[in-house]
Each structure stands twice: as C-alpha cells, then as structure tokens.
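Next come the chains, spelled out residue by residue.
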Amino acid sequence: MSDAEKTVLERAIEIAGGDPAAIVAVVGATGSGKTELAVSLAEALGGEIIGCDSVQIYRYFDIGSGKPSAAELARAPHHLIGVLDPRDAVDAARYGAMARDAIAEITARGRRPIVCGGTFLWVKSLLFGLAEAPPADEAIRARHRAMAETEGRPAVHARLREVDAESATRLHPNDLVRVSRALEVYELTGKAMSAWQAEHGFATAHHPSRMIAIAHEPDALTARIDARVRAFLDAGWIDEVKSLRARGYGDARAMGSVGYREVCAFLDGTIGPERDKLVTAIVRATRIFARRQRTGLNHADVAWLHADAALRA
C-alpha cells in the first residue's frame, strides 16, 4: 500500500509506533480533527489522552471549547479536561507539572500517553522545558491589570508591540495574561520574551516524542470550521455563555478566547442580531487563530498528515 492510499490513522499509527516509549502529541489547527485522531490512536495503541488546551482545561467551558464528546470520553480515558475552576490561573509551567504527573500515572499502568490539543506552547514546555525567565512580579502585573481596566487590553498589547513585536504578533490583544507576562519579562530584564525563547530554542527534549498534525487545504479547513461553529451553536453555545456569565465567570480568562468573546459580543449587541453574523464573526476569528497555530508549528519537528475530508478509521 502506498502512502497516498493509507488513511490518516494508518499513517499516524506508523509514526507513533516507531518508538513505543515516545509520547505522541497530536497538535495543529482548531477544527483539523485532532480529537478524533487522538481517540483513534488511543484505541489502537492502548493509550490515554492528556488534554493540552487552555480553555478545555476549565470546567463549564464545554461546548465552545470543543471538549471531547461523551462518546469520545467513553472510547479512551482523558486527563486535564475540565479539571480547573475558570478563576484558576494556569500557565505553561503549571500545565507542564500537571501533565508530567498524568504521564507518570499513565505509564505506570503500562499505557501510552497521547497529548492532544492546540496550545502548542504548552506542548513545547512539556516536551522540551521552558526558557529561563524571571519569576513573576505581582506589582508589575497589578499595574498591567490597572492599565487594561482604564485604557483597555489593546493598550497593554500596544505597549508590548513597542518592545517585543514578535511576541505581540503571536499573542491576541485580549490575552491579557500572556501579554502581561511577555511585557513583564521585558520590564524585568530588558530583553524580549521572544529573545529568551529563541535562545532556549526548545531544542533539547525532556521526553522522546512524536508530534503529528493534520493538514487541510484552506477552503476545506474553513468549511470544517464553519460546520463546527454551527454545530456548537445548535448545541446551545449561546446559552452556555449566558450561564457562565450568570455564575460570575464573565471576566474569566477563558471568556476572552476565540469564539467565546464573539458570543459575548453578540449577547452585548455589538454583533448581530442575526445568528449568521455571529457565525461569520466566529469563523473569521477562528481562521485567524488557526493560521497562528499553523505558524507556530513552522519550525517544529511535526509529521504533517494530509487529509481532504473527515478522518477514516
């Protein structure tokens, strides 16, 4: 059988099977089919899945984050999905510690760890460690929060762009936690966070690994994203956001993520009122986010599996 005739799953099994001790990481763009591939790999390899998504890690952010369905959860054990309260702060360092604990538990059972998610910095921190950087400075962070409250989050992002354009390009203006951290590092050291990361290079592996991603033609990925958004809305995404806001999570970090912020804008009357306008806004934002995810993988050792349609088992 030629490579062209093999399914995405068959190729992924070959890649993952090359080193049975390696951690498999399914990475890539939102809507590309990571969850289905990871679940199928877990079934084939006797694995368990470790989520690597900065929204799915929180409880109650279920529909819009694309958490695994009940059927997918039944097919393979999952870890680090819905384990934190939305008010809890989590960064790459904390995630890495949690994921390493999960890996130890999984391997102790003789099972195969399979990391799955689109938060690639977390994947890199787990597999390669983090760049050395100064510890947090609460006074600086408080000043950034005050600036965001009085001038808006884009003002903090604009300040970051002045001193670290590379990090600013990678980070969304609404991602105050990461924007503040990058600006904090510069203010403490006089050196850009992107420079710290470039020097680190994520070149020395802490774990043997195989990273896999699914590639789609742009039009095909857009169609997948559009279908995904409509399915989430049909499943009650707007009501989920209403409930989260009613419970006091309206200012949670995850509420500023792609999709959730557009639903909030829809509820506040700045998008719409037609549902199609909301769909258009979310699809547009998700496409931009997906491009950023793809760019983040440009220099990583990732096996790209090309698919024009849904995964075939």
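Residues numbered from 1 in each chain as written. Predicted model: local features only at pLDDT ≥ 70, side-chain atom pairs only at ≥ 80, totals over all residues. Heavy atoms only, no water.

Caption draft 1: Molecular detail of the pattern of salt bridges. All chains considered together, the criterion is met by 20 salt bridges. Note that Asp268 is salt-bridged to Arg245, the shortest N-O span being 2.8 Å. Here Asp268, found in the loop between helix H13 (260-267) and helix H14 (275-296), pairs with Arg245, found in helix H12 (residues 237-246); they are 23 residues apart in sequence, far enough to count as distant. (Salt bridge = Lys/Arg side-chain N within 4 Å of Asp/Glu carboxyl O. Helix = DSSP H or I, 4+ residues; strand = E, 2+ residues; numbered from the N terminus.)

Caption draft 2: Seen up close, the packing of H12 against H13. Across the interface, H12 lies against H13 with an axial gap of 10 Å and an inter-helix angle of 85 degrees. With respect to H13, the axis of H12 lies roughly perpendicular. Along the contact surface, H12 presents Trp237, Ile238, Glu240, Val241, Lys242, Leu244 and Arg245, while H13 presents Tyr260, Val263, Cys264, Phe266 and Leu267. Looking at the contact of H12 with H13 residue by residue, the class counts come to nine nonpolar, no polar and three charged. (Axes fitted to C-alpha atoms, helices over the stretch in contact; angles between N-to-C directions. Parallel < 35°, antiparallel > 145°, perpendicular 65-115°, else oblique. Contact = heavy atoms within 4.5 Å. Nonpolar A, V, L, I, M, F, W, Y, C, P; charged D, E, K, R; others polar.)

Caption draft 3: Just the sheet that holds strand E1 (residues 23-27), in detail. The sheet built from six strands is open, its strands ordered E3-E2-E4-E1-E5-E6 with parallel pairing. What marks the edges here is a single partner per strand, and that holds for strand E3 (78-79) and strand E6 (302-306). As judged from the five bridges shared by strand E5 (residues 209-215) and E6, these two strands associate in the parallel manner. The partner of Met211 across the bridge, within E6, is Val302. Where helix H1 (residues 8-17) meets the sheet, it contacts E1, strand E4 (112-116), E5 and E6, and its direction lies at approximately 160 degrees from that of E6. (Pairing = 2+ DSSP bridges.)

Caption draft 4: Layout of the side chain of Thr30. Its location among the elements puts Thr30 in the loop between E1 and helix H2 (34-45). Exposure remark for Thr30: the relative accessible area of 14% places this residue in the buried category. If sequence neighbours within four positions are ignored, Thr30 has contacts with Leu221, Ile225, Arg228, Thr286, Phe289 and Gln293. (Buried < 20%, exposed > 50% of the residue type's maximum accessible area, 1.4 Å probe, protein only.)

Caption draft 5: Representation of the packing of aromatic side chains in the model. All told, the structure shown has five aromatic pairs when counted by the stated rule. Where Tyr95 meets Trp122, the ring centres are 4.7 Å apart and the plane angle is 20 degrees; that geometry is what we call stacked. Taken as a pair, Tyr95 in helix H4 (residues 92-108) and Trp122 in helix H5 (residues 120-128) lie far apart in primary sequence, 27 residues in all. Since its relative accessible area comes to 0%, Tyr95 is described here as buried. An aromatic cluster of three or more residues is present, and its members are Phe61, Phe232, Trp237 and Tyr260. Its guanidinium or amino end placed over the ring of Trp304, Arg294 lies 4.0 Å from that ring's centre, counting from NZ or CZ. (Phe/Tyr/Trp six-rings, centres within 6.5 Å; stacked < 30°, edge-to-face > 60°. Lys NZ or Arg CZ within 6 Å of the ring centre and 35° of its normal.)

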